[in-house]
Amino acid sequence: MAEERPRWREDFPVRWDEDHYMTRRELAKFLTLGSGLLATANGLIAFIGLTGRIPTTPVQRIAAADELAPGSSLLFRYPTADDPCILVRDAAGRLDAFSQVCTHLSCAIVHRPDEQALACPCHKGSFSSTDGRPLAGPPTRRV
Ligand code: FES
């Protein structure tokens with residue numbers, strides 16, 4: 001009578017005789033070499049980070065300060081033509097610039113000077129027009 005093999009042995013065959021055994025010495029070599037490679041890669045990344053140039057964004061003239069009346073805003077693009085931004089002048093005359101892209105799902109935000117807010121019409125999100133922090137709605141990150 002043939003011994004019946006369980007079904008799982010057919011689905012997951014383990015052939016111990018073909019398995020590769022690793023000695024402790026081989027494992028220690030592997031771990032030492034692996035750790036050495038990781039340490040070298042970390043050193044290389046640190047070196048590149050310390051000696052590499054920090055990317056800077058160019059200075060761009062947007063408007064003269066007196067061109068923007070208190071409580072108004074101006075749309076502009078910075079640093080590229082694909083990055084919409086908004087410049088806001090509050091009632092006290094202070095200028096603040098923000099990305100015009102809502103941090104929730106990237107709709108364009110609009111200035112609401114009466115609420116001192118930047119409003120997103122998509123999901124009724126709202127941001128402070130003084131520091132960009134989220135005030136209402138689904139956004140959780142600053143603009
Ligand atoms: S995209 Fe602005 S609140 Fe959702």
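Residues numbered from 1 in each chain as written. Predicted model: local features only at pLDDT ≥ 70, side-chain atom pairs only at ≥ 80, totals over all residues. Heavy atoms only, no water.

1. Some thoughts on the domain arrangement of the protein
If you check the domain split of the protein, you get domain 1 (8-51) and domain 2 (65-136). Summarising the inter-unit geometry, the C-alpha centres of domain 1 and domain 2 are found 51 Å apart. (Domains from an automatic or database assignment.)

2. Description of the sheet that holds strand S1 (residues 73-77)
Whether parallel or antiparallel, the strands of a sheet pair through hydrogen bonds between backbone atoms. Strand order in the open sheet made by the 3 strands is S1-S2-S3, with antiparallel pairing throughout. The outermost strands of the open sheet, each flanked by one partner alone, are S1 and strand S3 (95-99). Direction aside, the axes of adjacent strands within the sheet are offset by 25 degrees on average. Here strand S2 (residues 84-89) runs beside S3; their pairing, made up of 5 bridges, is antiparallel. Looking at the pairing, Val 88 lines up with Asp 96 of S3. (Pairing = 2+ DSSP bridges. Helix = DSSP H or I, 4+ residues; strand = E, 2+ residues; numbered from the N terminus. Axes fitted to C-alpha atoms, helices over the stretch in contact; angles between N-to-C directions.)

3. Considerations on the state of the cysteines
By the definition in use, this model includes 1 disulfide. Between the sulfur atoms of Cys 107 and its disulfide mate Cys 122 the distance is 1.9 Å. Taking the sign of the S-S torsion, about -95 degrees here, the bridge from Cys 107 to Cys 122 comes out left-handed. One end of the pair, Cys 107, is in the loop between S3 and strand S4 (110-112); the other, Cys 122, is in the loop between strand S5 (117-120) and strand S6 (125-128), and 15 residues separate them in sequence. Taking the relative accessible area as the measure of exposure, Cys 107 reaches 18% and is therefore buried. (Disulfide = S-S within 2.5 Å. Buried < 20%, exposed > 50% of the residue type's maximum accessible area, 1.4 Å probe, protein only.)

4. Digging into the pairing of S5
Burial of the side chains of S5 extends over both faces: Ala 117 and Ala 119 are buried on one face and Leu 118 and Cys 120 on the other. Where S4 meets S5, 3 bridges bridge the pair, whose relative direction is antiparallel. Counterpart to His 111 in the pairing with S5 is Leu 118. In this antiparallel pair of consecutive strands, S4 and S5, the connection spans 4 residues, and Gln 116 shows a positive phi of 50 degrees. The pairing of S5 with S6 spans 4 bridges and is classified as antiparallel. Bridged to Cys 120 within S6 is Gly 125.

5. Considerations on the pattern of salt bridges
This model, assessed by the stated rule, comprises 4 salt bridges. Its salt-bridge partner being Asp 131, residue Arg 133 comes within 3.0 Å of it at the nearest N-O pair. Take Arg 133: its relative accessible area is 38%, and that puts it in the partly exposed class. Here Asp 131 falls in the partly exposed class, since its relative accessible area comes to 30%. Of the charged contacts in the structure, one is a salt bridge between Asp 131 and Arg 142, with a shortest N-O distance of 4.0 Å. Pair noted here: Asp 131 is in the loop between S6 and strand S7 (134-136) and Arg 142 is in the segment after S7, with a separation of 11 residues, a long-range link. (Salt bridge = Lys/Arg side-chain N within 4 Å of Asp/Glu carboxyl O.)

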